[in-house]
Amino acid sequence: MGKEDKFPVWEAALLAGVAAAFAAGLVGVYLSMPHSDYSFLKLPKNLQELQILTDHLEDYTSDYTIQVLVGYCSVYIFMQTFMIPGTIFMSLLAGALFGQLGGVALVVFAATAGASSCYFLSKLIGKPLVFSLWPDKLGLFQKQVAKRREKLLNYMLFLRVTPTLPNTFINFASPIVNVPYHIFFLATFIGITPASYVTVRAGIALGDLSSLSDLYDTQSIALLFLIGVVSVTPTLLGKNENKKQQGKASEMAASSS
C-alpha cells in the first residue's frame, strides 16, 4: 500500500473527536440548564423563528452563559461540518445575544472550526460527493488553484471575502483540489471576518430586519468586494511579473541565437 493510500488515521480521530464533542456538549448543556419547556429550541428557518429563539435565549444567556456558548458552538460547527443551511441565522443570533465584539469572535471561531471539520470530513469521504454535486465548479476550481499555486493564500482570501463561490463548496472541495490545510485555515479565519462583522452588526438590530436582503446594503457589498480585490492583487501582480520575466528570457534567448 502506497503512502497516499494509507487510511488517514489522525483525520479520522479528529472527526470522531468532533462528533463526540457535539454529543457531549449538547448533553451537558441539556443537563445543566433549568427544567423548562424547550420547544422553542429549533434551527430557525426565517427571521420570525429567529426572533422567537432570541427572545427566549436572552432570558438564559446572562445566567447560563457557558451553557449557551457551548450549545451555540456545537450547533454551528455541526451545521458547517455537514453542510446544513442556516448558519446565517446563527450569525445573526450571535449579534443579538453577545453584541458586536463577542458576536464576531464567536462566529469567526465557530465558522472556522466548522469549516475545518468539513475539510477533514471531505478529505476522508468527500471525493465522490463533490464530483456528483459540483462537477463543473470542481473542474474550474481545480484549474484556478493550479494556476495560482504560488499565491494561493491570496486567491483563497478572495474567495472567502467575495461571493464568487459558495462557502459550502469551498469547504468541501478544497482538500479534493489539494489546497493545504494551513492555507485553508488562514484564508477562512481572516476571510470570513468582514462578512461576519456585517451579519453580527445586523443581528444587534434584529428587530429592524424585515428580510435577509436587508443584511447587505450597497456600501457593505462594495466594501467586501474592495477587500477581495485587495487580497487578490498580489496574485495578479505576481502573474504579470512572471510574464515580463518570461518575455525578457525569450528575448535574451532569441538575441543570443
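Read on for an overview of the structure. Everything numeric here is computed off the predicted structure, so don't read it as measured data.

With that settled, consider the nonpolar core. Residues Leu 47, Leu 50, Tyr 72, Tyr 76, Leu 92, Leu 93 and Leu 209 are the most contacted members of the largest nonpolar core, which totals 33 residues. Elements with a minimum of two residues in this core: α2 (47–61), α3 (65–81), α4 (87–125) and α10 (193–204). Considering each element in turn, this core owes the most residues, 13 residues, to α4. If we skip the residues at most four places from it in the chain, Leu 92 touches Leu 47, Leu 50, Thr 199, Ala 202, Gly 203, Leu 209, Leu 212 and Leu 215. With 27 residues, the next largest nonpolar core counts Leu 121, Val 130, Ala 173 and Ala 187 among its residues.

Let us look at a nonpolar patch on the surface. Where nonpolar side chains cluster on the molecular surface, the patch consists of Phe 185, Leu 186, Phe 189 and Ile 190 and spans about 340 Å² of accessible area. Tracing the sequence through the fold places Ile 190 in helix α9 (residues 181–191).

Now for the packing of aromatic side chains. Summed over the entire model, instances satisfying the criterion amount to twelve aromatic pairs. Taking the centre distance of 5.3 Å and the plane angle of 80° together, the rings of Trp 134 and Phe 169 count as edge-to-face. One end of the pair, Trp 134, is in the loop between α5 (127–133) and α6 (135–147); the other, Phe 169, is in helix α8 (residues 167–173), with 35 residues separating them in the sequence. Among the residues examined, Trp 134 registers a relative accessible area of 17% and is labelled buried. Chaining the aromatic ring pairs together yields one cluster made of Tyr 119, Phe 120, Tyr 181, Phe 184, Phe 185 and Phe 189.

Calculation rules
Residues numbered from 1 in each chain as written. Predicted model: local features only at pLDDT ≥ 70, side-chain atom pairs only at ≥ 80, totals over all residues. Heavy atoms only, no water. Core = buried A, V, L, I, M, F, W, Y, C linked by side-chain atoms within 4.5 Å. Buried < 20%, exposed > 50% of the residue type's maximum accessible area, 1.4 Å probe, protein only. Helix = DSSP H or I, 4+ residues; strand = E, 2+ residues; numbered from the N terminus. Contact = heavy atoms within 4.5 Å. Patch = residues over 30% accessible without salt bridge, like charges linked within 9 Å, V, L, I, M, F, W, Y side chains within 5 Å. Areas by Shrake-Rupley, 256 points an atom, 1.4 Å probe, with all protein chains shown as cover. Salt bridge = Lys/Arg side-chain N within 4 Å of Asp/Glu carboxyl O. Phe/Tyr/Trp six-rings, centres within 6.5 Å; stacked < 30°, edge-to-face > 60°.

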